[in-house]
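A look at the structure
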Amino acid sequence: MSLADVKYLPETPAHDPEIEAINDEAFGPGRFVLGAYKIREGGPHERALSFVAVDGDIVVASVRMTRIAAGAGRALMLGPLAVRPAYKNLGIGRRLVAIALEVAATAGMPAVMLVGDEPYYGPLGFKRIPRGQISMPRPVDPDRLLSHEFVPGAMARLVGEVCHADQARIAAQIAAMA
């Protein structure tokens, strides 16, 4: 395998079974109890902003983006990012994140947040979200809440508990009918 053989493509429904297998391999069944997964259960991810890395016909890594909301803020949540073990430490994951960030910025998204390790994501432009600004629906180490702003001040509008943007829209519709 050569890195030159790895292609980066927009995610399609045909990739779903392999992406699920990669996520299962990388994170196991315990991933479903995490705060980020609870948010993802609230609605679909943004396929147009999600990408895979393929070697031939095999998906070797993926990254997904999901629209989120908290307070008056709207953003994307990056993740899961997963790479098959044989392809780790080759820069494939970082390349997928860079591609996803570039497309999100071009699409006019204000910011991207994630739950992850600052040493990995910091060089990609992510910074810690101030403690107490946001919360997740399940416990998360606040030092792992990171963000990357495209629009200055966008993250300051994200305040309170993070949810899938579809859930925020439904809550707003219910409030408007009351």
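This text goes with the structure placed above it.
Residues numbered from 1 in each chain as written. Predicted model: local features only at pLDDT ≥ 70, side-chain atom pairs only at ≥ 80, totals over all residues. Heavy atoms only, no water.

Right, let's get into the nonpolar core. Core analysis: the biggest nonpolar cluster contains 27 residues, and M65, L78, V97, V112, Y121 and F126 have the highest contact counts within it. No other element matches helix 3 (residues 92-106), which puts seven residues into this core. Dropping the residues within four chain positions of it, V97 is found in contact with L78, L81, Y121, L124 and F126. With 16 residues, the next largest nonpolar core counts I39, M113, M155 and V162 among its residues. (Core = buried A, V, L, I, M, F, W, Y, C linked by side-chain atoms within 4.5 Å. Buried < 20%, exposed > 50% of the residue type's maximum accessible area, 1.4 Å probe, protein only. Helix = DSSP H or I, 4+ residues; strand = E, 2+ residues; numbered from the N terminus. Contact = heavy atoms within 4.5 Å.)

Okay, helix 1 (residues 16-27) next. Taking 1.5 Å per residue as the helical rise, helix 1 with its twelve residues ought to reach 16 Å, and the 16 Å between its terminal C-alpha atoms agrees with that figure. Listed as buried for helix 1 are I19, I22 and N23. One face of helix 1 carries all of its buried residues, which in axial projection span an arc of 95°. Here the buried face of helix 1 lies against helix 2 (35-40), strand 2 (51-55), strand 3 (58-71) and strand 4 (73-83). Once helix 1 ends, the next one or two residues include G28, with phi positive near 70°. (Expected span 1.5 Å × (residues − 1). Arc of directions from axis to C-beta.)

This next bit is on helix 3. With 15 residues, helix 3 should cover 21 Å at 1.5 Å per step; its first-to-last C-alpha distance of 21 Å lies within 8% of that length. Among all positions in helix 3, only I92, G93, L96, V97, I99, A100, L101 and A104 are buried. Looking at the residues trailing helix 3, positive phi occurs at G108, about 85°.

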